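Report on the structure
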Protein chains: 2
Amino acid sequence: MAGAAPAATASDPATAAADGDTLRATAAALFGTIPERVEELRGKPLSAEQVELGHMLFFDPRLSRSHLITCNTCHSVGTGGADNVPTSIGHGWQRGPRNSPTVLNAVFNGAQFWDGRAADLAEQAKGPVQASVEMNSTPELVERTLRSIPEYVERFGRAFPGEAEPVNFDNMALALEAFEATLVTPGSRFDRWVLGEDDALDATERRGLELFVSSGCASCHNGRNFGGQAYFPFGVIERPGAEILPPGDKGRFEVTATASDEYVFRAAPLRNVELTAPYFHSGQVWDLEQAVAIMGSAQLGREIDDDEARAIAAFLRTLTGRQPRVEYPVLPPSTADTPRPE
Amino acid sequence: MAGAAPAATASDPATAAADGDTLRATAAALFGTIPERVEELRGKPLSAEQVELGHMLFFDPRLSRSHLITCNTCHSVGTGGADNVPTSIGHGWQRGPRNSPTVLNAVFNGAQFWDGRAADLAEQAKGPVQASVEMNSTPELVERTLRSIPEYVERFGRAFPGEAEPVNFDNMALALEAFEATLVTPGSRFDRWVLGEDDALDATERRGLELFVSSGCASCHNGRNFGGQAYFPFGVIERPGAEILPPGDKGRFEVTATASDEYVFRAAPLRNVELTAPYFHSGQVWDLEQAVAIMGSAQLGREIDDDEARAIAAFLRTLTGRQPRVEYPVLPPSTADTPRPE
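Note on numbering: residues in each chain are counted from 1, in written sequence order. The naming scheme follows written order: chains are lettered A onward, ligands numbered 1 onward. For a predicted model such as this one, the threshold for reporting local features is a pLDDT of at least 70, and the threshold for listing and counting side-chain atom pairs is 80 or more; totals across whole chains, interfaces and linings nevertheless cover every residue. The side-chain numbers reported here are obtained from all heavy atoms of the structure, hydrogens and water having been left aside.

Turning our attention to the packing of aromatic side chains. Working definition: a ring pair exists when centres of Phe, Tyr or Trp rings (six-membered ring for Trp) sit within 6.5 Å. Plane angles under 30 degrees give stacked, over 60 give edge-to-face, the rest tilted. On inspection of all chains with the given rule, the structure shows 31 aromatic pairs over all chains. Ring geometry for phenylalanine 59 of chain A versus tyrosine 328 of chain A: centroids 4.8 Å apart, planes at 50°, classification tilted. Of this pair, phenylalanine 59 of chain A sits in the loop between helix H2 (48-58) and helix H3 (71-74) while tyrosine 328 of chain A is found in strand E5 (residues 327-328), placing the two residues 269 residues apart along the sequence. Residue class for tyrosine 328 of chain A comes out buried when judged on its relative accessible area of 7%. With 6.0 Å between their ring centres and 55° between their planes, phenylalanine 212 of chain B and phenylalanine 226 of chain B make a pair best called tilted. Here phenylalanine 226 of chain B lies in the loop between helix H10 (217-220) and strand E3 (231-233) and phenylalanine 212 of chain B lies in helix H9 (residues 203-214), a separation of 14 residues in the sequence. The cut-offs for exposure are 20% and 50% of the maximum accessible area for each residue type, with area from a 1.4 Å probe on protein chains only; residues under the lower value are buried, those over the upper are exposed, and the others partly exposed. For phenylalanine 212 of chain B, a relative accessible area of 2% corresponds to the buried category. Here arginine 252 of chain A stacks its cationic end above the ring of tyrosine 231 of chain A, 3.9 Å away from the centre of that ring. Helix and strand definitions here come from DSSP, where helices need a minimum of 4 consecutive H or I residues and strands a minimum of 2 consecutive E residues; each element is numbered from the N-terminal end. Think of it as a cone above the ring: NZ of Lys or CZ of Arg counts as a charge over the ring if it is within 6 Å of the ring centre and within 35 degrees of the ring normal.

Residue and element names in this part refer to chain B. In terms of burial, helix H13 (residues 306-316) is a largely internal element, 8 of the 11 residues being buried. Of all the positions in H13, only Glu308, Ala309, Ala311, Ile312, Ala313, Ala314, Phe315 and Leu316 are classed as buried. Looking at the packing, one finds that the buried side of H13 touches helix H8 (189-194), H9 and helix H12 (288-300). Polar contacts, as counted here, are pairs of nitrogen or oxygen atoms within 3.5 Å of one another; within protein the pair requires one atom able to donate a hydrogen and one able to accept it, and residues that are adjacent in sequence qualify only if both atoms are side-chain atoms. In this structure aspartate 305 caps H13, since a side-chain oxygen of it lies 3.1 Å from the backbone nitrogen of aspartate 307. By the convention used here, residues are in contact when the closest approach between their heavy atoms is within 4.5 Å.

Residue and element names in this part refer to chain A. Mapped onto this structure's residue numbering, the UniProt feature "domain: Cytochrome c" (unreviewed entry) falls at residues 49-157 and 203-320. Taken end to end, residues 49-157 is 38% helix and 0% strand, and its two terminal C-alpha atoms sit 10 Å from one another. Helix makes up 37% of residues 203-320 and strand 5%. Its end C-alpha atoms lie 18 Å apart. UniProt positions are given in the numbering used here, feature names are shortened, and annotations may be inferred rather than shown by experiment.

Structurally, valine 236 of chain B can be placed in the loop between E3 and helix H11 (253-256). Note: C-alpha distance between valine 236 of chain B and alanine 298 of chain B (62 residues apart in sequence) is 6.2 Å.

What follows is about the nonpolar core. Of all hydrophobic cores here, the largest spans 76 residues; its most connected members are Leu57 and Met172 of chain A together with Leu57 and Met172 of chain B. Once you skip the residues sitting within four places of it in the chain, leucine 57 of chain A turns out to touch Leu63, Cys71, Leu146, Tyr152, Phe156, Met172, Ala175 and Leu176 of chain A. We call a set of buried Ala, Val, Leu, Ile, Met, Phe, Trp, Tyr and Cys residues a nonpolar core when their side-chain atoms join them within 4.5 Å.

A separate point is the relation of the copies chain B and chain A. What sets the superposition is a least-squares fit of C-alpha atoms, and only residues with pLDDT of at least 70 in both copies go into it. Between chain B and chain A, the superposition needs a rotation of 180° and an axial shift of 0.0 Å, giving an RMSD of 0.0 Å. Such a combination of rotation and displacement between the chain copies is what one expects of a two-fold axis. Measuring from the rotation axis to each C-alpha of chain B, the shortest distance belongs to glutamate 327 of chain B, at 2.0 Å. Counting the interface residues of chain B, we find that 100% of their copies in chain A are interface residues as well, pointing to one common contact surface.

What follows concerns the interface of chain B and chain A. In this assembly, 34 residues from chain B lie in contact with 34 residues from chain A. Buried area is calculated as the accessible area (1.4 Å probe) missing from two parts once they are joined, with the contributions of both summed. Both faces combined, the contact of chain B with chain A buries some 2,800 Å², and carbon together with sulfur accounts for 70% of it. Ranking the residues of chain B by area buried against chain A places Leu68, Trp93 and Tyr328 of chain B at the top, with a combined share of 25%. Here, a salt bridge means any Lys or Arg side-chain nitrogen found within 4 Å of an Asp or Glu carboxyl oxygen. Summed over the shared surface of chain B and chain A, the result is 2 salt bridges. Arginine 325 of chain B is the partner of glutamate 327 of chain A in a salt bridge, and the nearest nitrogen-oxygen pair spans 2.6 Å.

Residue and element names in this part refer to chain A. Just so you know, the domain bounds were taken from an automatic or database domain assignment. Along its sequence, chain A is organised into domain 1 (21-36 + 186-318) and domain 2 (40-182). When each unit is reduced to the centre of its C-alpha atoms, the spacing between domain 1 and domain 2 is 27 Å. With 29 residues of domain 1 at the contact, the number on the domain 2 side is 24 residues. Sorting the residues of domain 1 by area buried against domain 2 places Asn225, Arg266 and His281 first, and these three jointly supply 26% of that buried surface. Taken together, domain 1 and domain 2 are joined by 13 residue pairs in polar contact (both at pLDDT 80 or more). For this classification, the nonpolar set comprises Ala, Val, Leu, Ile, Met, Phe, Trp, Tyr, Cys and Pro, the charged set comprises Asp, Glu, Lys and Arg, and every other residue, Gly included, is treated as polar. Its residues assigned to classes, the side of domain 1 that touches domain 2 comprises 12 nonpolar, 11 polar and 6 charged.

A few words now on the packing of helix H12 (residues 288-300) of chain A against helix H13 (residues 306-316) of chain A. Residues and elements named next belong to chain A. Between H12 and H13, the shortest axis-to-axis distance is 9 Å and the interhelical angle comes to 115°. The orientation of H12 with respect to H13, classified from their angle, is roughly perpendicular. The two elements H12 and H13 cross, and the hand of that crossing is right-handed. Residues Leu288, Glu289 and Val292 of H12 pack against Ala309, Arg310, Ile312, Ala313 and Leu316 of H13. For the contact of H12 with H13, a count of residues per class yields 6 nonpolar, no polar and 2 charged. Here an axis means a line fitted to C-alpha atoms, over the contact stretch when the element is a helix, while the angle between two N-to-C directions is reported on a 0 to 180 degree scale. An angle counts as roughly parallel when it lies under 35 degrees, as roughly antiparallel when it exceeds 145, as roughly perpendicular when it falls between 65 and 115, and as oblique in every other case. Throughout, a crossing is termed right-handed when the near helix is turned clockwise from the far one, and left-handed when it is turned anticlockwise from it by less than a right angle.

What follows is about the pattern of salt bridges. One pass over the full model with this rule turns up 52 salt bridges over all chains. Between arginine 62 of chain A and aspartate 60 of chain A there is a salt bridge; the shortest N-O distance is 2.9 Å. Arginine 62 of chain A gets classed as buried once you look at its relative accessible area, which sits at 7%. For aspartate 307 of chain B, the salt bridge identified is with arginine 207 of chain B, shortest N-O distance 3.1 Å. Remark: arginine 207 of chain B occurs in helix H9 and aspartate 307 of chain B occurs in helix H13; sequence separation between them is 100 residues. We classify aspartate 307 of chain B as partly exposed; its relative accessible area is 40%.

Residues and elements named next belong to chain B. The span expected for a helix works out to 1.5 Å for each residue beyond the first. The end-to-end C-alpha separation of H9 is 16 Å, in line with the 16 Å expected for 12 residues at 1.5 Å each. Where H9 starts, the residue carrying a side-chain oxygen 3.1 Å from the main-chain nitrogen of threonine 204 turns out to be aspartate 202. A positive backbone phi angle near 105° is found at glycine 216, which sits one or two residues after H9.

The following block contains the structure:
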C-alpha cells in the first residue's frame, strides 16, 4: 500500500496507488463485501437443523403439484442461483412473467422479488410454491405431503422444537430461508481488492468501477449486493422499448396500486451478474455490455460508449464470488399416504 | 456361525442358523453384492477427468433445447436415481411413454432402457438428449453449445487427451457414462447380511428372501442388480390389464421386430426399489406389495398372498444401499456464442 508515498506526478505509480486507495475507500463505503457466512436471521442465530431441513426442501420436487419442480429448478445453485432463461417455465410448461432472480446472496436484499412484494426470504418462499404458473401447490397439499413422510416429521420436530404441530407451511418457508441464508458468495475479486489485495482488479476493471460510481450506476446499485435495496422506475429518463419493458408488467404498481410506482422495480442486485444472464425483469438482454448501455440511456440519460460499457462490464464480472458447494440431498421416500403427483 | 452345531430339531436356533447359512450361500450365488466402487469400464480404468466432466454434464440443462431439463431431472440422485412419477415429463411438458429407470447401479445392467435397446450407458445417454419428448436436442446443437464454453473445451481436452476434436457428442456420452458408473449403492442390509452380518436381516426379511427364491422371482431378477440382465414377456402366464400393460407399448418387439418379443421387457433391476415407485414400465403401481402380487399372477401363475407379499416386499426394502453423495456442480457460464434456449 502506498499511503505514505512521497509527492509524485499523476502518472506516477505511487499516486495511482493513492488514487486506488481513494477509490477503495469509496467502494468500501458504497458497497462493502460479502461475509464468509451469515450467522443470524432477524437477530436469531441460524439453526443448523433448519438449514439442513431447508436444504432438503430446496431440492424436494414434492413441494410442487407435479412432483417435478423444485426451488432449484429456477434458482439453481449450479448456474449462479438462477435458471438462465428469459422467464421461468413452470407447471404445465407455462412461462412465468419475469426473469428468475438469483438466490445467491438474496439474504442481503432489502426485500424479495422484482417488485419487493416479500419482506424476506421466508415470505418469498411461499410464493412460487403456490403460483399456478410455477409449482402450483397449496399450503394444505404441502403440509399433507410433508406430514406423510416420517423423516420430515422428525426433522421438522427437531428444527422447530416445542411446537405442537411443527410440520406446517410457515415452517417450511422458515427452513427454506435458513438454507438460502447459507447461499452466499464471498471472495469475489472485487471483495479481495476492497480488502487490500491490489492485484485482484486490473486497470480496466478499476476504471469500470470508477465509471460505475461516477456515472451514477451506484446511486441505485449500492450496498453489498450492488442493488436489491430500493425501488426505481425502469426508464427514469427514457423508457426502453416494449420488448425490454413490456407494458403489461407495471412492476411495483401491482403491489402498492400507487400511480408513482408504475414501472417501478427493485434495483437488481449485481453480485454474480456474469452468471445470471439474460438480464432485466423481462430477461430479454443476453449481453452484459448491452445491458450496461441500456441502463445508461434509460436510467442516467447518458450515452455509455462501447469502451465504457466494456470497462463497466469487466468490473461487474469481478463481482463473481466463490459459488456455494452444495451436496445434493438424499430425500426420504414417499409413503402410501403421500399425495400423488398431478 | 453354527456350521459345526450338534444335531438339533427343526425349531432349534442352531439349525435355523445353519439354514441361514444355506440361504446365504444361495443368495451369494444368485445375486452377489454391490462393490464399493466401479474401477473400470469395458476393461479400461475409469478416468477421473471423464467422471468430473460427466458430473457437470449430468446436471447441465444446456444439454436440453429448453435449457431446463438435465439428466438429473428424470434420474435424480436425491430420489433413488429416478423421478418418482408414472412416466417422465419432458420438453413442452410432454409425457414420455415409460417410467424412468433408476440410474443407480445401472452400470451393472446387461443393457439399458426397458427394452434393452442400448448396450451400455454411453449409448443410453444419447437417447434422452435427442428424444423430442425428453430433452429435444441434437448432437449438432449439443456440440455447438459445449464448444462455445471455454471451460468445457478445456475439460473435454483433458478428459479425452490426444483427440483432434475432443468436444463431440460421443465423448459427451462417454463422460456421462463414466460419472454414472460412480452412482452405485453398496452397503445395503441385504449385502451386509450376505457378507456375514447376521442381524442385518430380521426373520420376516429372511423369509421374504426365501420366498423370492423359492417362488421363482429370482429366475428373472438375479445377478447383483436383482434384474437388468435379460428379457422376459410381461404376462408370461397371465397378461395384466391395459392400465398396467398398455397394448400400444410392445416392448422389445419395437427393437427386434420379432414376434416373440411382443410385450417383452428387461427384468427390472430391484436395487433401491423402495425408492423408485411407481412401478413397472407404465409406472401405474405405487405399492410395492401390490407390485409383488401382480408379478406372482402375471409371471409365476401363483397367487402370492398378502402375508407373503409383505415378507417379499420387506426383503426388497433391504436392497436399499448407501445413496451416493453428489455435490451439485458449479457450471461454467454461457458465452455470446452459446445457442440460446428455445
